[in-house]
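Observations on chain architecture
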Amino acid sequence: MTTPQPETAGLENLLHETRSFPPAPDFAAAANAQASLYNAAQADRLGFWATQARELISWHTPFTQTLDWSDAPVARWFADGTLNAAYNAVDRHVEAGHGDRVAIHFEGEPGDTRTVTYADLQREVARAANALAALGVSKGDRVVIYLPMLVESVVAMLACARIGAPHSVVFGGFSADALRSRIADAQATLVITADGGYRRGAPSALKPAVDEALAGEGAETVKHVLVVRRTGQETAWTPGRDIWWHDALESADTFHEPVWVDAEHPLFILYTSGTTGRPKGILHTTGGYLTQAAYTHQTVFDLKDGDVFWCTADIGWVTGHSYVVYGPLTNGATQVLYEGTPDTPHRGRWWELIEKYRVSILYTAPTAIRTCMKWGDDIPAAYDLSSLRVLGSVGEPINPEAWMWYRRVIGADKTPIVDTWWQTETGAIMISPLPGVTATKPGSAQVPVPGISADVVDDEAHPVPDGGGGYLVLTEPWPAMLRGIWGDRQRYEDTYWSRFRGLYFAGDGAKRDDDGDIWLLGRVDDVMNVSGHRLSTTEIESALVAHDIVAEAAVVGASDDTTGQAVVAFVILRGEHADRAATPEGAQAVQEELRQHVASQIGPIAKPKRILVVPELPKTRSGKIMRRLLRDVAENRAVGDATTLADSSVMDLISAGLGAGT
Ligand code: WTA
């Protein structure tokens, strides 16, 4: 068979990596995870998960069934149990006498701070839940949350969970139009936002995007907008519809009885890019999701009393859902929540925060690690990072150089690194070394966590032998798995379950090394991974062709030293505009105009790094764009085999015409 061509190039060196770091004996002796966990899970997988669910989660009504797979591929876990996610994340810790424990050390970008204990969190969440109920939000209603990284964002999510209203968090960096389409798809009745947030030293408005989204088509279901005051900037107001968060909470009671829901009650919808232009609303439910989020947070990060955890992800992404909100809080952990960017007001900000709060577990993304690496060792060296004892990575393959730097410079050459593979769809960590158990290898996520079954298969769904490459699949249902795509069961089945019968197709290329360890090689579909954010080539292409001057567009992810991949777009201009790009200045103006257009349609993260104006695009006889060839151009390689093109001279035309637009 042929190894699928990974979308993330430049990973060849992964396959020659042979270094291995066995756990330190003292760490291993004290670790939460022991090797026997694998045996226990293997001996009785369902029994293992039932034990986790009983030990880590408080049930209002205990469950008696573990897995119901009769409606596959939609799973039901712990289905006859009832619980409440917010009660698990907050109240029960207060009831257990830990009300004084710090839940969140909040640090705003301008340097303002706030310490929130579990007792504080309980009062705020109860107030917010009462406020939502007073606005008519009830069990099953969808609430869209569009906020910066604030304590209120966590409170808002938990308040929704407390009343059984599924939340759908939309990343604050998304445009008004992206927000509108998500509101419309979820048919949300309430939006929670802020006047703005601090970004790179200045207030950045958020509310105008909500106003614009709500003026658009499909957003008529929204009755109210709750607005957190963060920056105090001038904010347009729609009386009757808009309500200040602080006003709504001030008058609300601090007692609220949680709404007990079935384990399979929807907890949240989170939109993610797929291979088509339309984002998918990934649906997660309560009991199974919470179980696996808590279990992996405790096991993979070796969480102990006294730890200070910091996951740098934004709550707009799944990592923020599982490892800022639900995992750490369900485990009663203390964590840092930081509003801003790593280089504001200086490039040592993260390391300063680690020193200040004595952070012991750091969970971040390879793109951030590579950026810090570029800034130089002397920046982290100026801070006391000795509190760190576990380091995590997520979001994209981590190249061995960045892994080694992370371990040496941030981890004092001894801290275990957990490279965790998972997806919005999987809900929680699936493949990762266990600190204290696994001898780690730079660049490999290595092994499924106990209770998870994964494999690497070839085109015919046969497992590849050690040393072989193929596609990553998940072979057994898992508790935190998505329960579908909101409102579209067929798309769920087609996207994940049609490629290989009975196996979940993750969309990632993978390889097994000679020890049987798994190495992730990047996406094998039309999804790009830019700075750990998933972007769809089709979605950006649709945005580009929506612009008047563009006739056709093709987008590829080209490998990039810092962001993993970078968006590179090839566009054909409409006839009457074609000569606008004839001069270098003209081409630059066109490029800038189109970049801004993509930013306004999707969001700044989707802005192409380069836009190349070309006369033609390479297509097969069936009309499919051959992105592989465009990627060769974008990565300045010799163009590969072009024999299946309908017109093989197209690549010559493209190569000859380049230069002006680059
Ligand atoms: C990629 C983020 C290699 C992968 C939690 C996956 C990774 C996609 C890793 C999901 C990793 C995530 N090694 N690749 N440790 N973690 N990915 O939905 O391509 O934003 O399919 O979830 O990110 O991205 P998502």
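Sequence order as written defines residue numbering, which begins from 1 separately in each chain. Owing to the predicted nature of the model, reporting of local features is limited to residues with pLDDT of at least 70; listing and counting of side-chain atom pairs is limited to 80 or more, with chain, interface and lining totals taken over all residues. Excluding hydrogens and water, the side-chain values take into account all heavy atoms of the structure.

This brings us to the overall build of the protein chain. For helices the rule is a DSSP run of H or I covering at least 4 residues; for strands it is a run of E covering at least 2, with both sets numbered from the N terminus onward. Across its full length, the protein chain holds 20 helices and 29 strands. The C-alpha extent of the protein chain, read off along each of the three principal axes, is 75 × 65 × 55 Å. Any two residues whose heavy atoms approach within 4.5 Å at even a single point are treated as in contact. A separation threshold of at least 6 residues defines the contact pool for the protein chain, and within that pool the share at least 24 residues apart is 72%. Here the accessible surface of atoms and residues is derived via Shrake-Rupley with a 1.4 Å probe, and residues count as covered only by protein chains that are part of the display. On the protein chain, roughly 23800 Å² of surface is accessible, and the fraction owed to carbon and sulfur atoms is 49%.

UniProt's feature table lists "binding site: ATP" (unreviewed entry) at Gly 395, Glu 396, Pro 397, Asp 419, Thr 420, Trp 421, Trp 422, Gln 423, Thr 424, Asp 508, Arg 523 and Arg 534, given in the numbering used throughout. By secondary structure assignment, the location of Gln 423 is in the loop between strand 20 (417-420) and strand 21 (454-457). A 1.4 Å probe rolled over the protein chains alone gives each residue an accessible area, and that area as a share of the maximum for its type sets the label: buried under 20%, exposed over 50%, partly exposed in between. On the basis of relative accessible area, Gln 423 is assigned to the buried category, the value being 5%. Judged by relative accessible area, Arg 534 falls into the buried class, the value being 15%. If we skip the residues at most four places from it in the chain, Arg 534 touches Thr 272, Ser 273, Lys 280, Gln 423, Thr 424, Glu 425, Arg 523, Val 527 and Met 528. Pairing of N or O atoms within 3.5 Å defines a polar contact, subject to two protein rules: one partner must be a possible hydrogen donor and the other a possible acceptor, and residues neighboring in sequence count only if both atoms are side-chain atoms. Engagement of the side chain of Arg 534 in a polar contact is seen with the side chain of Thr 272, the distance being 3.4 Å. UniProt positions are given in the numbering used here, feature names are shortened, and annotations may be inferred rather than shown by experiment.

Looking now at the site of the ligand. Residues in close proximity to the ligand total 17 residues, the closest being Asp 419, Thr 424, Asp 508, Arg 523 and Arg 534. Within the contact set of the ligand, an oxygen atom lies 2.6 Å away from a side-chain nitrogen or oxygen of Thr 424. The separation between an oxygen atom of the ligand and a polar side-chain atom of Asp 508 is 2.5 Å. Within the complex, 97% of the 520 Å² of free accessible area of the ligand lies under protein. Listed by contribution, the elements that provide at least two residues to the shell around the ligand are helix 11 (318-330), strand 20 and strand 24 (518-523). When residues are grouped by polarity, Ala, Val, Leu, Ile, Met, Phe, Trp, Tyr, Cys and Pro land in nonpolar, Asp, Glu, Lys and Arg in charged, and all others, Gly among them, in polar. Each residue belonging to the shell around the ligand can be placed in one class, and the counts come to six nonpolar, six polar and five charged. Any residue with a heavy atom lying within 4 Å of a molecule or strand is counted as near it.

Turning to the packing of helix 4 (residues 85-98) against helix 5 (residues 118-134), a few remarks are in order. To obtain each axis, a line is fitted to C-alpha atoms, and for helices this fit is confined to the stretch in contact; angles are then taken between N-to-C directions over 0 to 180 degrees. Across the interface, helix 4 lies against helix 5 with an axial gap of 9 Å and an inter-helix angle of 135°. Considering their axes alone, helix 4 and helix 5 lie oblique with respect to each other. Between helix 4 and helix 5 lies a crossing whose hand is left-handed. Residues Ala 86, Ala 89, Val 90, Asp 91, His 93, Val 94 and His 98 of helix 4 form the contact with helix 5, whose participating residues are Tyr 118, Ala 119, Leu 121, Gln 122 and Val 125. Residue composition of the contact of helix 4 with helix 5, grouped by class: eight nonpolar, three polar and one charged. Any angle between 65 and 115 degrees counts as roughly perpendicular, while under 35 counts as roughly parallel, over 145 as roughly antiparallel, and the rest as oblique. The crossing is said to be left-handed when, going from far helix to near helix, the turn is anticlockwise and less than a right angle, and right-handed when the turn is clockwise.

Looking now at the sheet that holds strand 4 (residues 102-107). Here the rule is simple: two strands pair whenever DSSP picks up at least two bridges between them. With mixed pairing, seven strands are arranged side by side in an open sheet as 5-4-17-16-18-19-20. Sheet topology places strand 5 (113-117) and strand 20 at the edges, where each strand pairs with a single neighbour. Across the sheet, the mean angle from the axis of one strand to that of its neighbour is 20°, orientation sign disregarded. Each of strand 4 and strand 5 touches helix 5; the most contacted strand, strand 5, lies at about 90° to it. Together, strand 4, strand 5, strand 16 (308-311), strand 17 (334-338) and strand 18 (361-364) form the strand contacts of helix 12 (residues 349-357), whose direction differs from that of strand 4 by roughly 145°.

Moving on to the sheet that holds strand 24. Strand order in the open sheet formed by four strands is 21-22-23-24, with antiparallel pairing between adjacent strands. Both edges of this open sheet fall to strand 21 and strand 24, since each of them pairs with a single strand only. Direction aside, neighbouring strands of the sheet carry axes that sit 45° apart on average. Summarising the sheet, strand 21 and strand 22 (residues 469-474) pair through four bridges and their orientation is antiparallel. If you follow Ala 454 over to strand 22, its bridge partner there is Leu 474.

To form a nonpolar core, buried Ala, Val, Leu, Ile, Met, Phe, Trp, Tyr and Cys residues must be joined to one another through side-chain atoms within 4.5 Å. Among the nonpolar cores identified, the biggest contains 119 residues, and Leu 158, Ile 192 and Tyr 326 are the most heavily contacted of them. By residue number, the principal contributor to this core is helix 6 (residues 151-163), which donates ten residues. In this structure, Phe 174, Ile 540, Val 550 and Ala 606 belong to the second largest nonpolar core, which totals 45 residues.

Looking at where Thr 341 falls in the secondary structure, it is placed in the loop between strand 17 and helix 12. Note: C-alpha distance between Thr 341 and Pro 23 (318 residues apart in sequence) is 33 Å. Thr 341 has contacts with Glu 109, Arg 199 and Arg 200, leaving out every residue within four places of it along the chain. At a separation of 2.6 Å, a polar atom in the side chain of Thr 341 contacts the side chain of Thr 344.

As a further point, take the domain arrangement of the protein chain. Bear in mind that the domain bounds are from an automatic or database domain assignment. The assigned domain composition of the protein chain is domain 1 (25-440) and domain 2 (531-657). The straight-line distance from the C-alpha centre of domain 1 to that of domain 2 is 35 Å. With 25 residues of domain 1 at the contact, the number on the domain 2 side is 20 residues. Summed over both partners, the accessible area (1.4 Å probe) lost when two parts come together is defined as the buried area. Buried area between domain 1 and domain 2, summed over both chains or domains, comes out near 1500 Å², and the portion from carbon and sulfur atoms is 45%. Whenever a carboxyl oxygen of Asp or Glu lies within 4 Å of a side-chain nitrogen of Lys or Arg, that contact is scored as a salt bridge. Counting every contact that joins domain 1 to domain 2 gives one salt bridge. Contributions of two or more residues to the side of domain 1 that touches domain 2 are made by helix 7 (176-186) and helix 13 (366-375). Sorting elements by how many residues they give to the side of domain 1 that touches domain 2 places helix 13 first, with four residues.

So, about the confidence of the model for the protein chain. The predictor's confidence in any single residue is recorded as pLDDT, a number from 0 to 100. This prediction gives the protein chain a mean pLDDT of 93; 96% of its residues lie at or above 70. Ranking the elements of the protein chain by mean pLDDT puts helix 20 (residues 650-657) last with 79 and strand 3 (residues 82-83) first with 99. Taken together, the stretch residues 1-10 has pLDDT below 50 and engages in 32 contacts with residues farther than four places along the chain or on a different chain. Scored as a whole, the predicted complex attains pTM 0.91, and scored at its interfaces, ipTM 1.00.

For helix 4, the principal kink sits at Asp 91 and spans about 40°. Taken together, the buried positions of helix 4 are Ala 85, Ala 86, Tyr 87, Asn 88, Ala 89, Val 90, Asp 91, Arg 92 and His 93. For helix 4, the N-terminal capping position is held by Asn 84, with its side-chain oxygen 2.8 Å away from the main-chain nitrogen of Ala 86. Working definition for bend: take the seven residues up to and ending at a residue and the seven starting at it, fit an axis to each, and measure the angle between the axes.

Take the pairing of strand 11 (residues 224-228) next. Most of strand 11 is tucked away: five of the five residues are buried. Side chains His 224, Leu 226 and Val 228 of strand 11 all project onto a buried face; the interleaved residues Val 225 and Val 227 project onto the opposite face, where all are buried too. Alignment of strand 11 against strand 12 (residues 242-244), held across three bridges, turns out to be parallel. Across the sheet, Val 225 pairs through a bridge with Asp 242, a residue of strand 12.

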